[in-house]
Structure formats: C-alpha cells, structure tokens
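# Summary of the model geometry
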Amino acid sequence: MSTSMSRRSALGLGAVAAAAGAGVSSPAEASSRGPARIRKVYEKEKRRAGGVWHTHIAAVGDGGALRPIVEDDADHITHGYSVQKLAVAVAVMDKIDRGLLTLDTRLDMQADIILGGSGIYHLHRVWGDEITVANFLTAMLLVSDNTAVRMCGRVVPALEINEILAAKGFVHTRVEPVANPNRFFLGTTTPREMHDLLWRLATKTLLKPESCDFLLSITRWLNGYHDGVRRVMSSRERERVATKYGADFNELGESRHEVGIMFGADGAPLLTYAMFAEGLGEPENYGATHPAVQAHATIGRTLFDNLPAPRPADRGAVPRTAPKPFHPVSGG
C-alpha cells in the first residue's frame, strides 16, 4: 500500500430422502459448502462493499488440477499497486536463479532513495547502512516497503523486469518505466495472471524450488498483513495462507486488492485467490474497517473453511512446504 503517492497508479422430497439415506448430501446441504458456498459469500460481500471487482478464485479438484470457482472479469487489466511487488520480487529471484545476483549481495541504503508510505525503512531517520537483497525483499513482501521497490530497481532495472515477466509468459503483468531506468511505477496485472503467478510459485515451477520457498516463506509469515483475508484466523491457520495486499486510489476512487494462496495442513497448495476492487469509497482509510477489507476477511474465512481435501492419490505429485511453527519469544 502507498499513502504517499497515487498512480493511475467467480461462484422432489423423496429424492432428497433417498440421497440422505444413502449417505449422500442433499442439494441444500451441498449448496451450503464448497464452491457454491464460496460463490454465495463472494457475491454478497462484493455487493456490500460496493465498487467494481475483478476476481479469480480457483481450487484443486479431482486429479489435482485447479478448477475455477469465481471468474469475475478475471482478465481485466488493472493497476496492481502493492500486489505488484510480488512480480517485482519474482524478477529479482529469477536473476538470482541465473547466477547474476545473490541474496547476500549488499547495497547501501542512500538517503535520496527513501520513500514514505508503507514500510519500515523511512522510520529509521538515519540511513547509509548496507543491506542485503534478502533484507529488502523481505521488507517489500512482509510490510510492503516502498523504499524496497527502489532497491529492487537498482539490481533489476524496469525494462529487465518486464523482459523477465514476458519470458515467463505474463502478458499484462508489467511495471511502468520512467526516465530513470532504475525506477518505475508498479504498473498493471490481471486477476488471472496473478493467480497463475501464485500457483506456479506454490508448485515450484515459476522459479527454482528454493527461490519459490523463499518468497512463500515471507508471504506466509505471521508478522505480515492481517487486516484482510487472514483476519479471523488462528496463528496456525495464518501460517497456511500466503498473501499480499495492495491499496491506493485513482480517478475511479479507492482500490483495495488482495491476492494469495492457501495450503493444506500437509503443505499442499489447495486454493488461490486474486481479488481486485476499485471505484470504492472511504478515501484514506487503509485499515481493517474499510468495507472492501472487511469483505476480504469474510471471504477469506469462507475460503479457508471450504478448502478441498487433498486426494491421497495426489499427495506425492504436488510439491509442498510447511513453515516452521511460530513461537513468540521475549528477549532478555
């Protein structure tokens, strides 16, 4: 999210009794859970929040293939705002995979590169320290640090980011170059392309497996964003959700986006969501009380409660990563 700058920046009575007697769910029961339940809650919350939504939600079906649950204008090209930081991080990791950069490469954090808005680096008050690529990638994905975007641009210029994304098959997910080749606006994406990016991360096909694990470990961590999809979840449940939030405003009104992927208890990826909402009200409310963010929370709980059960036959076919349990420790 950025508050310092704006940029044009899916879902007869006898027969019912017979089905129940045979141990089969009735139509009414079937519609109260699973994909039908997700679609119902999504439509209700979308109406409640208002604005214009563009969404793709999909879950693992028979045979392990993803099946769409919600496709609501899923190919609409929209400004991704801070959701786009996922794509930037993928470009940086691609360069690392090719041996042209390392996670422990150090860069000096110059005072003239600091941006306000979301993040932590602008709170330091003094700068000049050297930080690793791993450091600013973590800050960019965990707390959506805006300065970290500029740090990424120093190691992967805007045009190179777009070339990497194009080579990976993304047609609309791009950053927007400016005169300075190492700086850019975060640009555009679509719900479907962000879904593809997330699924390929989770199945370890977008980058090297260790690079996918690195990005997912950050976006699944408990110190990240909790106002939306993960709000009404336990810490154990939150560990099973990798998420990224983005917010800003443009000529249509406020935008509140959230994308992510949910995992089973065994670490298998089960469901992706990419929800982009624009033309919303309540300017300058970037907190949990914004109607669209409240909608994300309700939809998120519904998604988690209706995750498909992993099929035993598929368990060995899907790469999985389970994070280390979180245990708060008080420093002495």
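Residues numbered from 1 in each chain as written. Predicted model: local features only at pLDDT ≥ 70, side-chain atom pairs only at ≥ 80, totals over all residues. Heavy atoms only, no water.

### Quick notes on the overall build of the protein chain
A count of helices and strands for the protein chain gives 11 helices and 10 strands. Here the protein chain, with 332 residues, has 53% of them falling under the buried criterion. (Helix = DSSP H or I, 4+ residues; strand = E, 2+ residues; numbered from the N terminus. Buried < 20%, exposed > 50% of the residue type's maximum accessible area, 1.4 Å probe, protein only.)

### What about the sheet that holds strand β10 (residues 269-280)?
Taken in spatial order, the 5 strands line up as β2-β1-β10-β9-β8 in an open sheet, and their pairing is antiparallel. Each of the sheet's edge strands pairs with one partner strand only, and the pair in question is β2 (66-72) and β8 (241-250). Here the average twist between neighbouring strands, direction ignored, is 5°. Sheet contacts for helix α8 (residues 191-202): β1 (52-60), β2, β9 (253-263) and β10; angle to β10, the most-contacted strand, approximately 150°. (Pairing = 2+ DSSP bridges. Axes fitted to C-alpha atoms, helices over the stretch in contact; angles between N-to-C directions. Contact = heavy atoms within 4.5 Å.)

### A look at the packing of helix α4 (residues 85-97) against α8
Following both chains from N to C, one finds α4 and α8 inclined at 45°, their axes separated by 11 Å at the closest point. One finds that α4 runs oblique with respect to α8. For the crossing formed where α4 meets α8, the hand is left-handed. Residues L86, A87 and V90 of α4 touch α8, and the partners they reach there are M194, L197 and L198. When the residues that make up the contact of α4 with α8 are grouped by side-chain class, the tally is 6 nonpolar, no polar and no charged. (Parallel < 35°, antiparallel > 145°, perpendicular 65-115°, else oblique. Left-handed = near helix turned anticlockwise from the far one by under 90°. Nonpolar A, V, L, I, M, F, W, Y, C, P; charged D, E, K, R; others polar.)

### Observations regarding the packing of α4 against helix α9 (residues 209-219)
One way to put it is that α4 packs onto α9 with a least axis distance of 10 Å and a crossing angle of 150°. Comparing the axis directions of α4 and α9 gives the class roughly antiparallel. Both α4 and α9 take part in a crossing whose hand is right-handed. The residues of α9 that touch α4, namely those facing L86, A89, V90, M93 and D97, are S211, F214, L215 and T219. For the contact of α4 with α9, the per-class residue count stands at 6 nonpolar, 2 polar and 1 charged.

### As for the side chain of T147
Position of T147 relative to the elements: it lies in helix α6 (residues 146-155). Only 2.8 Å separates the side chain of T147 from the backbone nitrogen of L115, close enough to count as a polar contact. Among residues more than four places away in sequence, those in contact with T147 are M109, I113, I114, L115 and Y121. (Polar contact = N/O pair within 3.5 Å; in protein donor to acceptor, adjacent residues only side chain to side chain.)

### A word on the pairing of β10
Burial runs high along β10: 11 of the 12 residues are buried. Direction of pairing for β1 relative to β10: antiparallel, over a ladder of 8 bridges. Following the sheet pairing, I57 is matched in β10 by Y273. Pairing of β9 with β10, which is carried by 9 bridges, proceeds in the antiparallel orientation. Paired with F263 across the bridge in β10 is P269. Between β9 and the antiparallel strand that follows it, β10, lie 5 residues; G267 among them carries a positive phi value of about 95°.

### What about the sheet that holds strand β3 (residues 78-79)?
Strand order in this open sheet of 3 strands is β3-β7-β6, and the pairing throughout is antiparallel. Single-partner strands in this sheet number two, and they are β3 and β6 (174-177). Where β6 meets strand β7 (residues 184-189), 3 bridges bridge the pair, whose relative direction is antiparallel. Residue pairing in the sheet places P177 in a bridge with F184 of β7.

### Some details on the pattern of salt bridges
Pairing between side chains of opposite charge can happen when the charged atoms of each approach one another. In this structure the tally under the stated criterion is 14 salt bridges. Here K204 and D213 are joined by a salt bridge, their closest N and O atoms 2.8 Å apart. Under the relative-accessibility criterion, D213 is labelled partly exposed at 24%. Between E254 and R256 there is a salt bridge, with the nearest N and O atoms lying 3.0 Å from each other. On the basis of relative accessible area, R256 is assigned to the buried category, the value being 0%. Salt bridges sharing partners connect three or more residues here, namely D94, K95, R98, E160 and K168. (Salt bridge = Lys/Arg side-chain N within 4 Å of Asp/Glu carboxyl O.)

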